[in-house]
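# Understanding the architecture of this molecule
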Amino acid sequence: MYRTNTCGELRITNLNQEVTLSGWVQKLRKMGGMIFLDLRDRYGVTQLVFNQETDAELCEQAGKLGREWVIQVKGTVAERSNKNLNLPTGEIEIIASAFQVLNPSETPPFTIEEDTDGGDDLRMKYRYLDLRRTSVRSNLELRHRMTFATRSYLNKLQFMEVETPVLIGSTPEGARDFVVPSRMNAGEFYALPQSPQLFKQLLMVSGFDRYFQIVKCFRDEDLRADRQPEFTQIDCEMSFIEQEDILTVFEGLIQYLFQTIKGIDLSRFPRLTYAEAMKRYGSDKPDTRFEMQLVELKDLTMGKSFSVFDSAEYVGAICVEGGASYSRKQLDECTDFVKRPQIGAKGLISVRCETDGTIRSSVDKFYSPDDLQQWLHRAEAKPGDLLLILCGETEKTQKQLSELRLEMASRLGLRNKNLFHCLWVVDFPLLEYDEELNRYFAKHHPFTSPKIEDIPLLDTRPGIVRANAYDLVINGIEVGGGSIRIYNSELQKKMFSVLGFSDEQAQAQFGFLMNAFKYGAPPHGGIAFGLDRLVSIFAGLDSIRDCIAFPKNNSGRDVMIDAPSPISQEQLDELYLQINLPSK
């Protein structure tokens, strides 16, 4: 028996028990004739004591142990004289009577502690060591509890977990596919699924009226903090439902997770239409932990010979509470922020409402104090507040103001990670137009149902057709999205036509789905949540990487196993592939 107990479970109630522990040496401290050793396993840390007076040979041997050595130790549980109440096992220690080395360790490339001295690249290269750190391990334990709770909730509602294929056909819509060459079918390729979308719809046709799957998905796209080339979805679909049924069931799931995992009871989630969200927040995933909503000023700025505002399609502002005290340097920093290429604004106008009521502005040679007072009044600004104003094309400027809003909230400490605001964004546009390609693309995917009342507009004004689509947003992060699906083969055919598919193209890529609809497809819809994003929000992380056991870096590489990597010419020949690398 390697252990009778773990390193995290012994308490003062276990005094005088003879125990055996196994784990990794975290720290070793020599103090006079005694050695104190912290032994760690997945469950916690327990202090061991070796005493020179009672067993000099054992104490000498213990002094030769190094960090991360794997050992087994036997001893007696005793009460600590200097208790560490920050540690669950901090009231006890083990008076060691024997130990053996199970495996020595080389000196790790970084310390296995919370504030490790390993940078991101080094930690990713030695991820198996990084996972020994309590903070990283606790994120994976949280992930486990969340997936377990999700399965429990959905199982009680009679959802069935069904696995769908990983090797599927490639589709041109959406993000780029990862493709897999087929050795047995020369010149043909599988794709790794971006989602199980088509298969879960086919399961609805098959009569599996409540499906879910916690499933790996793949997208070959540029990476950032909340993206990985492979990610995990909580993928769900239901039959004989309307949009309200989906929102009710999965609002319940999120409430259940918060109550079960964090002990937080959330009230009903508010709902915003896409149009409202863009108008009030400049974003279809607004962070509602704070106000600072966008205010339109175009009608109040006209006819004052300020050509920048006069020629702009949209003039909008945010009101920064207490911002009138900002220095010139701080305002310049705000201007530099909106001028960054990622934001793209040309400049920033400010209006201060001083605490004594005095109004100061960077455009006061064009606008009178009464004009500026109207702006402040519309923005509900108080003495001491600051208006920050941008102008330009409507949607572009709204998005710029949204980024500025988030930046100001971060500076003011308003984005509290322990505060959770959830909302549904509904009534998305069905389509978006690509000027370069001169065609429409599906805003979500081509199987999303339009609003029934908007279907006639597909022939005349497709750009204003609304979708039966919905996103769940938590603290400004889109964590899930879905839609009511098209289940009529004629309407699906019409949708493909609007998207520029010929009948032959639609039949070649999605014929199996349209054919299935001819055999009694039920009304159905679904949703998918990003599990990685959900866990990162619950854990208070800025990146999803630390809630994934073995993530890729920002270049899409696994630096631990050095993947992706070249394959041999023999393998290439078997797959009938030739590699033509771009010239350097």
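Read on for a plain summary of the structure. Remember, predicted model here, so these are calculated numbers, not experimental data. (Residues numbered from 1 in each chain as written. Predicted model: local features only at pLDDT ≥ 70, side-chain atom pairs only at ≥ 80, totals over all residues. Heavy atoms only, no water.)

This part covers the overall build of the protein chain. Scanning the protein chain for helices and strands turns up 16 helices and 22 strands. Principal-axis analysis of the C-alpha atoms gives the protein chain an extent of 90 × 75 × 55 Å. Counting all 584 residues of the protein chain, 48% fall into the buried class. Contacts in the protein chain between residues far apart in sequence, at least 24 positions, make up 65% of those at least 6 positions apart. Of note, the protein chain has its 69 positive side-chain charges centred 2 Å away from the centre of its 83 negative side-chain charges. (Helix = DSSP H or I, 4+ residues; strand = E, 2+ residues; numbered from the N terminus. Buried < 20%, exposed > 50% of the residue type's maximum accessible area, 1.4 Å probe, protein only. Contact = heavy atoms within 4.5 Å. Lys, Arg positive; Asp, Glu negative; His and termini not counted. Charge placed at Lys NZ, Arg CZ, Asp CG, Glu CD.)

Take the packing of aromatic side chains next. When we look at a pair of aromatic rings, we describe it by the centre distance and by the angle of the planes. Inspection of the entire model under this criterion finds 21 aromatic pairs. Measuring from ring centre to ring centre gives 5.3 Å for Phe496 and Phe501, while their planes differ by 50 degrees; the resulting arrangement is tilted. Of the aromatic side chains, those joined through ring pairs into one cluster are Phe306, Phe309, Phe366, Tyr367 and Trp375. Looking at Arg439, its charged tip hangs above the ring of Phe441, at a distance of 3.8 Å from the centre. (Phe/Tyr/Trp six-rings, centres within 6.5 Å; stacked < 30°, edge-to-face > 60°. Lys NZ or Arg CZ within 6 Å of the ring centre and 35° of its normal.)

Let us now look at the pattern of salt bridges. What the rule picks out here adds up to 42 salt bridges. Between Arg143 and Asp532 there is a salt bridge, and its shortest N-O distance comes to 2.8 Å. Within this pair, whereas Arg143 is found in helix H4 (residues 134-156), its partner Asp532 is found in helix H15 (residues 531-539), the two being separated by 389 residues in sequence. Of the residues examined, Asp532 reaches a relative accessible area of 4% and is grouped as buried. When salt bridges that share partners are traced, they join Asp120, Arg123, Arg127, Asp130, Arg133, Arg545 and Asp546 into one network. (Salt bridge = Lys/Arg side-chain N within 4 Å of Asp/Glu carboxyl O.)

The next thing to look at is unusual backbone geometry. In this structure, the amide linkage connecting Ala563 to the following residue, Pro564, adopts the cis form with an omega of 5 degrees. Examined against the element boundaries, Pro564 turns out to sit in the loop between H15 and helix H16 (569-574). In this structure, Gln158 takes a positive phi of about 65 degrees despite not being glycine. If you trace the backbone, Gln158 turns up in the loop between H4 and strand S6 (160-161).

Right, let's talk about the packing of helix H10 (residues 328-339) against helix H12 (residues 394-411) for a bit. Between H10 and H12, whose axes approach to 10 Å, the crossing angle comes to 140 degrees. Comparing their axes, H12 and H10 come out oblique. Two packed elements cross with a definite hand, and for H10 against H12 that hand is right-handed. Packed against H10, whose contacting residues are Gln330, Glu333, Cys334, Phe337 and Val338, the element H12 presents Glu403, Leu404, Glu407, Met408 and Arg411 at the interface. Along the lines of polarity and charge, the residues of the contact of H10 with H12 split into 5 nonpolar, 1 polar and 4 charged. (Axes fitted to C-alpha atoms, helices over the stretch in contact; angles between N-to-C directions. Parallel < 35°, antiparallel > 145°, perpendicular 65-115°, else oblique. Left-handed = near helix turned anticlockwise from the far one by under 90°. Nonpolar A, V, L, I, M, F, W, Y, C, P; charged D, E, K, R; others polar.)

As a further point, take the environment of Ala312. Tracing the sequence through the fold places Ala312 in the loop between helix H9 (307-310) and strand S13 (314-320). Here Ala312 falls in the buried class, since its relative accessible area comes to 9%. It is 4.7 Å that separates the C-alpha atoms of Ala312 and Gly392, two residues lying 80 residues apart in sequence. Setting aside anything within four residues of it in sequence, one finds Ala312 in contact with Lys298, Cys391 and Gly392.

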